[in-house]
Amino acid sequence: MDVALEPSWKQKLSTEFKQPYFAQLANFVKMEYKKYTCYPRGKDIFAAFDHCPFYQTKVVIIGQDPYHGPNQANGLCFSVKNGIPHPPSLVNIFKEIKVDVGAPYPKSGNLERWAAQGVLLLNATLTVRANTAGSHQNKGWELFTDAVITAISTHLEGIVFLLWGGYAKRKAGLVNRAKHHILTSGHPSPLSANRGLWFGNNHFSKTNDLLNQIGKPLITW
């Protein structure tokens, strides 16, 4: 597996690539991509980092693993490629944004436009086998992405972490609350949203309020 990471991230995470777990993970991913259809495309595995350099990061959103349907995953959590129908969680994200900040519902579900503004869209597991959710969990990706969160917490200040759902909330312990902001809510999936745990969290306006307080540019959601 090629780890040609964006330079600022590569510098911060260089020790992870030398760990025994990462060598095992790389071998596992290579074999999976040879034997099965996996997502995202190999060149998009680290896309979240490529589109959001380390020192430009202002907001972190944590997903679980990539979409496992054809042509959906593009390496950014909750995001899909241009022209692809929006999955239910993304539909609910856009609905909340429309109510929260008044932004119109977008045509494209490609969230690279957020990443370019400093939103790191990080899945805890960066790869998945087609049509098999969770198939690449507990193979080492979580160790790597926990190191990502720890690096952000340690070396940056004033980052807004958006933790949606139980899985993401468990990452809160990696974040130094004295230096950063954590907003939590239910997951945007229909299962959670329909139980009243997602809509009305106002996370998008709250994020911009926090960024404004510390003099950082706001996110155009």
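Treat the numbers as computed from the prediction; the structure is a model and nothing was measured.

1. Considering the layout of surface pockets
- Volume-wise, the largest pocket comes out at about 320 Å³.
- Contributing to the lining of the largest pocket are 20 residues, with Gln64, Asp65, Tyr67, Phe78 and His187 lying nearest its centre.
- Looking at the lining of the largest pocket residue by residue, the classes come out as eight nonpolar, eleven polar and one charged.

2. Details of the state of the cysteines
- In the structure shown here, the tally under the stated rule is zero disulfides.
- Cys38 carries a free sulfur, and the closest cysteine sulfur to it, the one in Cys77, is 19 Å from it.
- Its sulfur unpaired, Cys77 is 11 Å from the next cysteine sulfur, which belongs to Cys52.
- Cys77 gets classed as buried once you look at its relative accessible area, which sits at 0%.

3. Focus on the pairing of strand 3 (residues 119–123)
- Counting buried residues in strand 3 gives five out of five residues, a clear majority hidden from the surface.
- Residues Val119, Leu121 and Asn123 line one face of strand 3 and the alternating positions Leu120 and Leu122 line the opposite face, and both faces are buried.
- Pairing analysis gives five bridges linking strand 2 (residues 59–63) to strand 3, with the strands arranged parallel. Bridged to Ile62 within strand 3 is Leu122.

4. Digging into the sheet that holds strand 6 (residues 181–185)
- Read across the sheet, four strands follow the order 3-2-5-6 without closing on themselves; strand pairing throughout is parallel. Each end of this open sheet is capped by a strand with a single partner; those strands are strand 3 and strand 6. Neighbour to neighbour, the strand axes of the sheet diverge by 20° on average, direction disregarded.

5. Let's talk about the packing of aromatic side chains
- According to the stated counting rule, one finds 20 aromatic pairs in the structure shown.
- Relative to Phe144, the ring of Phe22 has its centre 5.5 Å away and its plane inclined at 55°; by these criteria the two rings are tilted. Placement of Phe22 in helix 2 (residues 20–35) and of Phe144 in helix 6 (residues 141–155) is noted, with a sequence separation of 122 residues between them. Across the pair, exposure class does not vary: Phe22 and Phe144 are buried alike.
- Ring centres of Phe46 and Trp141 lie 5.9 Å apart, and the angle between their planes is 70°; on these two criteria the pair is classed as edge-to-face. Of this pair, Phe46 sits in the loop between strand 1 (38–39) and helix 3 (47–50) while Trp141 is found in helix 6, placing the two residues 95 residues apart along the sequence.
- On the basis of relative accessibility, which here comes to 0%, the residue Trp141 falls in the buried class.
- Feature note: the residues Trp9, Phe17, Tyr21, Phe22, Phe46, Phe49, Phe54, Tyr55, Trp141 and Phe144 constitute an aromatic cluster, connected by ring pairs.

6. Digging into the pattern of salt bridges
- On inspection of all chains with the given rule, the structure shows three salt bridges.
- Of the charged contacts in the structure, one is a salt bridge between Arg41 and Asp44, with a shortest N-O distance of 2.9 Å.
- Residue classification places Arg41 among the partly exposed residues on the basis of a relative accessible area of 43%.

7. Remarks on the nonpolar core
- Counting 68 residues, the largest nonpolar core has Trp114 and Phe144 as its most contacted members.
- Per-element tally for this core: the top contributor is helix 6, with six residues.
- Ignoring any residue separated from it by four or fewer positions in sequence, one finds Phe144 in contact with Leu13, Glu16, Phe17, Tyr21, Phe22, Phe46, Phe49 and Leu126.

8. Notes on empty space enclosed by the protein
- Counted under the stated rule, the structure contains one cavity of 30 Å³ or more.
- Here the largest cavity is characterised by a volume of approximately 30 Å³.
- Lining the largest cavity we find Pro40, Ile45, Pro66, Gly75, Asn123, Thr125 and Leu126.
- Within the lining of the largest cavity, the residues separate by chemical class into four nonpolar, three polar and no charged.

Cut-off values and rules
Residues numbered from 1 in each chain as written. Predicted model: local features only at pLDDT ≥ 70, side-chain atom pairs only at ≥ 80, totals over all residues. Heavy atoms only, no water. 1 Å grid on protein atoms, 1.4 Å probe; cavity = no way out; pocket = protein on both sides within 12 Å on 5 of 7 lines; lining within 4 Å. Points joined across faces, edges and corners; volume = space filled by probe spheres on them. Nonpolar A, V, L, I, M, F, W, Y, C, P; charged D, E, K, R; others polar. Disulfide = S-S within 2.5 Å. Buried < 20%, exposed > 50% of the residue type's maximum accessible area, 1.4 Å probe, protein only. Helix = DSSP H or I, 4+ residues; strand = E, 2+ residues; numbered from the N terminus. Pairing = 2+ DSSP bridges. Axes fitted to C-alpha atoms, helices over the stretch in contact; angles between N-to-C directions. Phe/Tyr/Trp six-rings, centres within 6.5 Å; stacked < 30°, edge-to-face > 60°. Salt bridge = Lys/Arg side-chain N within 4 Å of Asp/Glu carboxyl O. Core = buried A, V, L, I, M, F, W, Y, C linked by side-chain atoms within 4.5 Å. Contact = heavy atoms within 4.5 Å.

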